[in-house]
Amino acid sequence: MPKQDQFGALKHDPQAAALLSDPKALSALLGSQEAKTMASLLKRAGDGQLQAAAQAAVSGSPEALGKILEQVSKSAEGKAAMDALEKRGRG
């Protein structure tokens, strides 16, 4: 799948499009403690399969990544990190 098509759906979401068009805001979000916590939780929950799940999602098969995200969202720490990232992403 061409790289520009990978994120095409995000461009249809006004909040995501605004974030993607602002490199400084995107960098701040990705460098935040919430993002670091989320990355750590995803790696732990993915049990070594996160990279493959992410690659599959980019290729149009998001099921494995969805399962990892669901697992993370069920923990208090994961839910808190997701909520904080969503709030931070809204500015």
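This text follows the structure it describes.
Just so it is clear, the model here is predicted, and its values are computed rather than measured.

Looking at this model, I keep getting lost on helix H6 (residues 63-73). Mind explaining?
Quick reminder: α-helices carry 3.6 residues per turn. Residues three or four places apart thus point the same way. Within H6, the full set of buried residues consists of Leu-65, Ile-68 and Val-72. An end-on view of H6 places all buried positions within 60° of arc, on one side of the element. The outward face of H6, more than 90 degrees from its buried face, is lined by the exposed residues Glu-63 and Lys-67. On its buried face, H6 is in contact with helix H4 (33-46), helix H5 (50-58) and helix H7 (76-89).

Is there a simple way to explain the side chain of Ser-32 in this structure?
Turning to its location among the elements, Ser-32 is positioned in the loop between helix H3 (23-30) and H4. Non-local contacts of Ser-32, meaning those with residues more than four positions away in its chain, are made with Leu-85 and Arg-88.

Sorry, what's going on with the nonpolar core here?
As a rule of thumb, soluble globular proteins bury nonpolar side chains together. Counting 13 residues, the largest nonpolar core has Met-38, Leu-42, Ile-68, Val-72 and Leu-85 as the members making the most contacts within it. Among the elements of the structure, H4, H6 and H7 are those that each provide at least two residues to this core.

Please explain the pattern of salt bridges as it appears in this structure.
Opposite charge on two side chains lets them pair, provided their charged atoms get close. Taken as a whole and judged by the stated rule, the model has three salt bridges. The partner of Lys-74 in a salt bridge is Glu-70, and the shortest N-O contact between them spans 3.4 Å. Its relative accessible area of 64% is what places Lys-74 among the exposed residues. Between Asp-83 and Lys-79 there is a salt bridge whose closest N-O contact spans 3.1 Å. With Asp-83 and Lys-79 both in helix H7 and four residues apart, the pair spans about one turn of that helix.

What counts as what
Residues numbered from 1 in each chain as written. Predicted model: local features only at pLDDT ≥ 70, side-chain atom pairs only at ≥ 80, totals over all residues. Heavy atoms only, no water. Buried < 20%, exposed > 50% of the residue type's maximum accessible area, 1.4 Å probe, protein only. Helix = DSSP H or I, 4+ residues; strand = E, 2+ residues; numbered from the N terminus. Arc of directions from axis to C-beta. Contact = heavy atoms within 4.5 Å. Core = buried A, V, L, I, M, F, W, Y, C linked by side-chain atoms within 4.5 Å. Salt bridge = Lys/Arg side-chain N within 4 Å of Asp/Glu carboxyl O.

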